[in-house]
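Structure assessment
Residue strings, one per chain:
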Amino acid sequence: MRKIFDAYQFVGKCSTLYDRMMTNDGLAARLVMKFFWGLDAQSYEKFLTQAFAGIPRDFSGRLLEIPVGTGVLSLPFYCGLNNAEIFCVDLSDKMLDAAKLRAAQLNLRNVQFIRGDVTNLPFDDEFFDAVLSIDGFHAFRDKAIAFAETRRVLKSGGVFCGSMYIKGENRRTDLFVDNFCRPRGFFSPPYETLNSLQKKLRELYTHAEVTHVKSFAGFICTK
Ligand SMILES: C[S@@+](CC[C@H](N)C(=O)[O-])C[C@H]1O[C@@H](n2cnc3c(N)ncnc32)[C@H](O)[C@@H]1O
């Protein structure tokens, strides 16, 4: 856990670079995205659409985002969610600092930031109408507890959605994950495959839809 925490504390301090990679912004980011993740500009857009597909543009109610990271993908999306009460959680206070700064720049008033661990969420059972998790589960160490906790805080009929890395879809991505991301603490095995993720989510939820763009699965589940 310490390694994961330290890795993202470091990323939080270099958040400008991280943000450019995450948003596919600039030539270096586009080359990395294409070479290691197999995503060109068009498939990157599909990945983004897939990641947010479970949250309607007119969503109202309580939304948990775990982990928010620097909020580079999600906070701009929240600008349109005026009737939502949004709680953003992350383990790393440095990532959260970057997210808080962005929220202030975007003048977001309905978003709270909480430092916390996905394995011990500081919320009552069935507190949320939706739980969004973008690129978190491949980083979490205790995945079974993370699946259980995100389900616990979700209301019956609520939506669990987002994206995560899945192995077995692109050999170069898998090598990059194993040889670069995992040793540095950015990713934490074991990873889901498309089939194992579908199976797991269908066991946990009444309805689960899983799609993928290269090595990124998108999921929308109803409790
Ligand atoms: C790849 S980043 C994704 C963040 C964000 N969703 C984004 O799109 O930028 C993974 C995040 O998971 C967070 N994280 C790792 N383990 C965690 C845990 N046990 N509980 C909460 N957050 C965790 C890290 O601090 C990091 O910000």
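Conventions we followed
Residues numbered from 1 in each chain as written. Predicted model: local features only at pLDDT ≥ 70, side-chain atom pairs only at ≥ 80, totals over all residues. Helix = DSSP H or I, 4+ residues; strand = E, 2+ residues; numbered from the N terminus. Rg over C-alpha atoms; globule rule 2.2 N^0.38 Å. Buried ≥ 20, exposed ≤ 12 C-beta atoms within 10 Å, placed from the backbone. Contact = placed C-beta atoms within 7 Å. Near = placed C-beta within 6 Å. Nonpolar A, V, L, I, M, F, W, Y, C, P; charged D, E, K, R; others polar. Axes fitted to C-alpha atoms, helices over the stretch in contact; angles between N-to-C directions. Parallel < 35°, antiparallel > 145°, perpendicular 65-115°, else oblique. Pairing = 2+ DSSP bridges. Core = buried A, V, L, I, M, F, W, Y, C linked by C-beta atoms within 7 Å. Right-handed = clockwise from strand over helix to strand, strands pointing away.

**Overview of the overall build of the protein**
Helix and strand content of the protein: nine helices and seven strands. Relative to a compact globule of 223 residues, whose C-alpha radius of gyration would be 17 Å, the protein shows 16 Å and is just as compact. C-alpha atoms of the protein, sized along the principal axes, occupy 40 × 40 × 35 Å. Looking at the 223 residues of the protein, the share that counts as buried comes to 41%. When contacts within the protein are restricted to residue pairs at least 6 apart in sequence, those whose partners lie at least 24 apart make up 70%.

**Looking at the site of the ligand**
Not every one of the 21 residues close to the ligand is listed here, only the nearest: Tyr8, Pro67, Gly69, Leu91 and Ser92. Looking at the shell around the ligand residue by residue, the class counts come to 13 nonpolar, five polar and three charged.

**With respect to the packing of helix 1 (residues 2-13) against helix 6 (residues 93-105)**
For the pair helix 1 and helix 6, interaxial distance at closest approach is 7 Å and the crossing angle is 30°. Viewed along their axes, helix 1 and helix 6 adopt a mutual orientation that is roughly parallel. On the side of helix 1, the interface is formed by Tyr8, Gln9, Val11, Gly12 and Lys13, while helix 6 contributes Lys94, Met95, Asp97 and Ala98. Across the contact of helix 1 with helix 6, the residue classes tally to four nonpolar, two polar and three charged.

**Observations regarding unusual backbone geometry**
Cis geometry marks the peptide bond from isoleucine 66 to proline 67, where omega comes out at 0°. Along the polypeptide, proline 67 turns up in the loop between strand 1 (61-65) and helix 5 (74-78). With an omega of 0°, the peptide bond between proline 189 and proline 190 qualifies as cis. Along the chain, the position of proline 190 falls in the loop between helix 8 (171-181) and helix 9 (194-204). You will see that asparagine 24, though not glycine, has its phi angle at about 60°, which is positive. Relative to the helices and strands, asparagine 24 is located in the loop between helix 2 (15-22) and helix 3 (27-37). Backbone geometry places asparagine 107, a non-glycine residue, at a positive phi of 60°. With respect to the secondary-structure elements, asparagine 107 resides in the loop between helix 6 and strand 3 (111-115). C-beta crowding within 10 Å serves as the criterion here: with 7 such atoms nearby, asparagine 107 is assigned to the exposed category.

**Describing the sheet that holds strand 6 (residues 207-213)**
In spatial order, the strands read 3-2-1-4-5-7-6; together these seven strands make up an open sheet with mixed pairing. Looking at the sheet topology across the chains shown, the edges are occupied by strand 3 and strand 6. For this sheet the average axis-to-axis angle between neighbouring strands, irrespective of direction, equals 15°. The strands touched by helix 6 within the sheet are strand 2 (84-90) and strand 3, with strand 3 carrying the most contacts at an inclination of about 170°.

**Describing the nonpolar core**
Residues Leu64, Cys88, Ala99, Ala130, Val131 and Cys221 are the most contacted members of the largest nonpolar core, which totals 63 residues. A per-element tally of this core places strand 5 (residues 154-165) first, with six residues. If we skip the residues at most four places from it in the chain, cysteine 88 touches Glu65, Val68, Gly71, Ala99, Val111, Gln112 and Phe113.

**Some remarks on the pairing of strand 3**
Sheet topology places strand 2 next to strand 3; five bridges connect them, and they run parallel. Its bridge partner lying in strand 3, phenylalanine 87 is registered against glutamine 112. In the classification by handedness, the crossover that spans strand 2, the intervening helix 6 and the parallel strand 3 is right-handed.

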